[in-house]
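# What the coordinates show
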Amino acid sequence: GVAPNEFGGMDEHTSILMNEDQAEAYRYITNAVHAEDGRICMQVLHAGRYGDLAETVGASAISTRINKIEPRALTTEEVEATIEDFVRCAALAQYAGFDGIEIMGSEGYLITQFCVLRTNDRDDEWGGTFENRIQFPVEIVRRSRERVGPNFLIVFRISALDLVEDGLTRTETIMLARAIEAAGADVLSSGVGWHEARVPTIAHMVPRGAWTSFVGPLKLAVSIPVVGSNRINTPEVAEAVIEAGEADLIALARPMLSDPDF
């Protein structure tokens, strides 16, 4: 994930994209992918309270057991500025030759932190009701679409289930998915669980394809393609998930690292 501002990185080594000079450095990647007739999206990720930085920020000043650094709550003005940072990052990714972006809205990062009561106790327009809390990701998608136009892919990574207390309910997840679609997203890519969740999601003891039953309802709720992921480790499992109608596409990462011939 590429951070949209200086507070968004996972650590001090995370790439940040805030200007055209930084964007130019990515052209060797996009050019190489396009030379092989491939397509590539940049993932835009703001770590929020998960960041291992000197100063971290979040929807609220609520700490997490997996990070010793106490987060600072973004001010109302900083929330607006952070949305614009996401939008600028999308435009710079387009400038750098990417075919789209994936907005990281799952797994407990900043966007997720705004969406749930577990990490959002704000009393301004970005907190309180469910509708207020999800305006953060909705505005990021809506304004990004306005900036990049219709011919640039916007993928939104959404948690199919959070696996933490006071996370989104299944009904709320469906409502968020529909709001994100209406805001202009082209694809929903599903993640599973927050990083602080105590339920394993990708470890070897988790059955293959275990989470697809939570992805299927998302697919039924929206008209845009939905991506299944997590513990889909073989082509046969991937084909079975698609054949069963539980996802339109499959995302995987670790299987390609362990098996270069996948």
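A brief look at the structure comes next. Here the structure is a predicted model, which means the values were calculated and not measured.

Cut-offs used in this document
- Residues numbered from 1 in each chain as written.
- Predicted model: local features only at pLDDT ≥ 70, side-chain atom pairs only at ≥ 80, totals over all residues.
- Heavy atoms only, no water.
- Pairing = 2+ DSSP bridges.
- Helix = DSSP H or I, 4+ residues; strand = E, 2+ residues; numbered from the N terminus.
- Contact = heavy atoms within 4.5 Å.
- Axes fitted to C-alpha atoms, helices over the stretch in contact; angles between N-to-C directions.
- Buried < 20%, exposed > 50% of the residue type's maximum accessible area, 1.4 Å probe, protein only.
- Core = buried A, V, L, I, M, F, W, Y, C linked by side-chain atoms within 4.5 Å.

Before going further, it helps to examine the sheet that holds strand E8 (residues 249–250). What the six strands build is an open sheet, ordered E1-E4-E5-E6-E7-E8; its pairing is parallel. Lying at the two open borders of the sheet, with one neighbouring strand each, are strand E1 (41–44) and E8. Alignment of strand E6 (residues 187–192) against strand E7 (residues 226–228), held across two bridges, turns out to be parallel. Looking across to E7, one finds that leucine 188 is bridged to valine 226. Sheet strands in contact with helix H3 (residues 76–95) are E1 and strand E4 (100–105), and its direction is about 160° off that of E1.

Moving on to helix H8 (residues 212–221). Among all positions of H8, only Thr212, Val215, Gly216, Leu218 and Ala221 are buried. Contact partners of the buried residues in H8: strand E5 (153–161), helix H7 (170–183), E6, E7 and helix H9 (235–243).

Okay, the nonpolar core next. Residues Ile103, Phe136, Phe156 and Leu188 are the most contacted members of the largest nonpolar core, which totals 71 residues. Considering each element in turn, this core owes the most residues, eight residues, to H3. Apart from the residues lying within four places of it in its own chain, the contact partners of phenylalanine 156 are Ile103, Gly105, Ile111, Pro137, Val141, Ile180, Ala185, Val187, Leu188 and Ser189.

Our focus in this paragraph is the environment of aspartate 52. For aspartate 52, the location among the structural elements is in the loop between E1 and strand E2 (56–58). The partly exposed category is assigned to aspartate 52, whose relative accessible area is 46%. Along the primary structure aspartate 52 and glycine 228 are separated by 176 residues, whereas in three dimensions their C-alpha atoms are 29 Å apart. Excluding its chain neighbours within four sequence positions, the residues that come into contact with aspartate 52 are Met10, Asp11, Glu12, Asn67 and Ile69.

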